[in-house]
Amino acid sequence: KQEVTQIPAALSVPEGENLVLNCSFTDSAIYNLQWFRQDPGKGLTSLLLIQSSQREQTSGRLNASLDKSSGRSTLYIAASQPGDSATYLCAVREMGNTPLVFGKGTRLSVIA
Amino acid sequence: DVKVTQSSRYLVKRTGEKVFLECVQDMDHENMFWYRQDPGLGLRLIYFSYDVKMKEKGDIPEGYSVSREKKERFSLILESASTNQTSMYLCASSLNPSEQFFGPGTRLTVL
């Protein structure tokens, strides 16, 4: 059974720092991987979707990479800002029309 | 932009009441999902649907049922609400098997 792990569970950094959030999954036979952001008490906002054939995707200050063979993805945030403070979740979709399998997220605090 | 809406942001119900949570998406997505989210437990899938009148059990279907009479609408039903169903409920939709979009969530409190 696919398992998705995000370490660390919480991270605190000073404003302006570049940072990396990690996501690992146990079964490399995935169709795609999606990164989400969740603000307290709110729904999830899709940040980036990486297909299994892709190595990375970029959106503004965010860059997500995927190494399917090693079962890892990273979300790189450049020049972090207090507004980036949120919980970041990754999720993988396995082959076929199957539901996403979610990690438990990394809670990020960016201190001004 | 894809829009997923949920009928209520906050809901307070009494034990034993029948509760309906409604979710509507406006992008003709085939797939719709209901999750609950609790501290320390993460997101857990309750039910999902790949088409009208179709439903599949997720990881924690006990105590819940769903209805999908129209493609754009997916309802979660708590037949007899209990205090352990106090939670944040999140609805999502997607095309098969593409990017998934979430609604704003419903914070349900059962007293």
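Note that the structure is a prediction, hence the values are computed from the model and not measured.

Definitions and cut-offs
Residues numbered from 1 in each chain as written. Chains lettered and ligands numbered in written order. Predicted model: local features only at pLDDT ≥ 70, side-chain atom pairs only at ≥ 80, totals over all residues. Heavy atoms only, no water. Helix = DSSP H or I, 4+ residues; strand = E, 2+ residues; numbered from the N terminus. Rg over C-alpha atoms; globule rule 2.2 N^0.38 Å. Buried < 20%, exposed > 50% of the residue type's maximum accessible area, 1.4 Å probe, protein only. Contact = heavy atoms within 4.5 Å. Areas by Shrake-Rupley, 256 points an atom, 1.4 Å probe, with all protein chains shown as cover. Phe/Tyr/Trp six-rings, centres within 6.5 Å; stacked < 30°, edge-to-face > 60°. Lys NZ or Arg CZ within 6 Å of the ring centre and 35° of its normal. Pairing = 2+ DSSP bridges. Axes fitted to C-alpha atoms, helices over the stretch in contact; angles between N-to-C directions.

Trainee: Where do I start with the overall build of chain B in this structure?
Mentor: Within chain B one finds zero helices and 11 strands. Secondary structure elements in chain B, listed N-terminal to C-terminal, are β-β-β-β-β-β-β-β-β-β-β. The C-alpha atoms of chain B give a radius of gyration of 13 Å, which matches the 13 Å a tight globule of 111 residues would have. The dimensions of chain B, computed from C-alpha atoms along their principal axes, are 35 × 25 × 25 Å. Going through the 111 residues of chain B one by one, you find that 50% of them count as buried. Within chain B, counting contacts between residues at least 6 apart in sequence, those at least 24 apart form 55% of the total. When the accessible area of chain B is evaluated, it comes to approximately 5,300 Å², of which 50% is carbon and sulfur surface.

Trainee: Help me understand the packing of aromatic side chains, please; the structure alone is not making it clear to me.
Mentor: Each aromatic ring pair is described using two quantities: the centre-to-centre distance and the angle formed by the ring planes. Within this structure, the stated rule accounts for nine aromatic pairs over all chains. Here the aromatic rings of A:Phe36 and B:Phe102 are separated by 5.4 Å at their centres, their planes lie at 90 degrees, and the arrangement is edge-to-face. You can see A:Phe36 sitting in strand β4 (residues 30-38) and its partner B:Phe102 sitting in strand β10 (residues 100-102), one on each of two chains. The same class applies to A:Phe36 and to B:Phe102, which are both buried. Feature note: the residues A:Phe36, A:Phe102, B:Phe33, B:Tyr35, B:Phe48, B:Tyr50 and B:Phe102 constitute an aromatic cluster, connected by ring pairs. We note B:Arg9 situated over the ring of B:Tyr10; from NZ or CZ to the ring centre the distance is 5.5 Å.

Trainee: Explain the sheet that holds strand β1 (residues 4-5) of chain A here, please?
Mentor: Across a sheet, paired strands are connected by hydrogen bonds in the backbone, their directions being either parallel or antiparallel. Residue and element names in this part refer to chain A. In spatial order, the strands read β1-β3-β8-β7-β6; together these five strands make up an open sheet with antiparallel pairing. The sheet is open, and its two borders are formed by β1 and β6 (56-59), each paired with just one other strand. In terms of strand pairing, β1 meets strand β3 (residues 19-25) through two bridges, oriented antiparallel. Within the sheet, the bridge partner assigned to Val 4 lies in β3 and is Phe 25.

Trainee: Please clarify how the sheet that holds strand β8 (residues 73-78) of chain B should be interpreted in this entry.
Mentor: Residues and elements named next belong to chain B. Here we have four strands laid out as an open sheet, ordered β1-β3-β8-β7, and antiparallel in their pairing. Bordering the open sheet on either side are β1 (4-6) and β7 (65-70), each of which pairs with just one other strand. The mean inter-strand angle of the sheet, taken between neighbouring strand axes irrespective of direction, is 20 degrees. By the bridge criterion, three bridges tie β1 to strand β3 (residues 19-25) in an arrangement that is antiparallel. By the bridge assignment, Gln 6 is partnered in β3 with Cys 23.

Trainee: Before we go on, may I ask you to explain the side chain of B:Thr106 in this structure?
Mentor: Residue and element names in this part refer to chain B. Relative to the elements of secondary structure, Thr 106 occurs in strand β11 (residues 106-110). Thr 106 sits in the buried class, given a relative accessible area of 1%. Excluding anything up to four places from it in sequence, Thr 106 contacts Gln 6, Ser 8, Arg 9, Leu 11, Leu 21, Ser 87, Met 88 and Tyr 89.

Trainee: Whenever I open this one, the pairing of strand β11 (residues 106-111) of chain A confuses me. Can you help?
Mentor: For a regular strand, the rule is simple: side chains alternate between the two faces of the sheet. All names here are of chain A. Only one face of β11 is covered, namely the one carrying Thr 106, Leu 108 and Val 110; the face carrying Arg 107, Ser 109 and Ile 111 has none of its residues buried. Here strand β9 (residues 86-94) pairs with β11 via three bridges, running antiparallel. Within the sheet, the bridge partner assigned to Thr 87 lies in β11 and is Arg 107.

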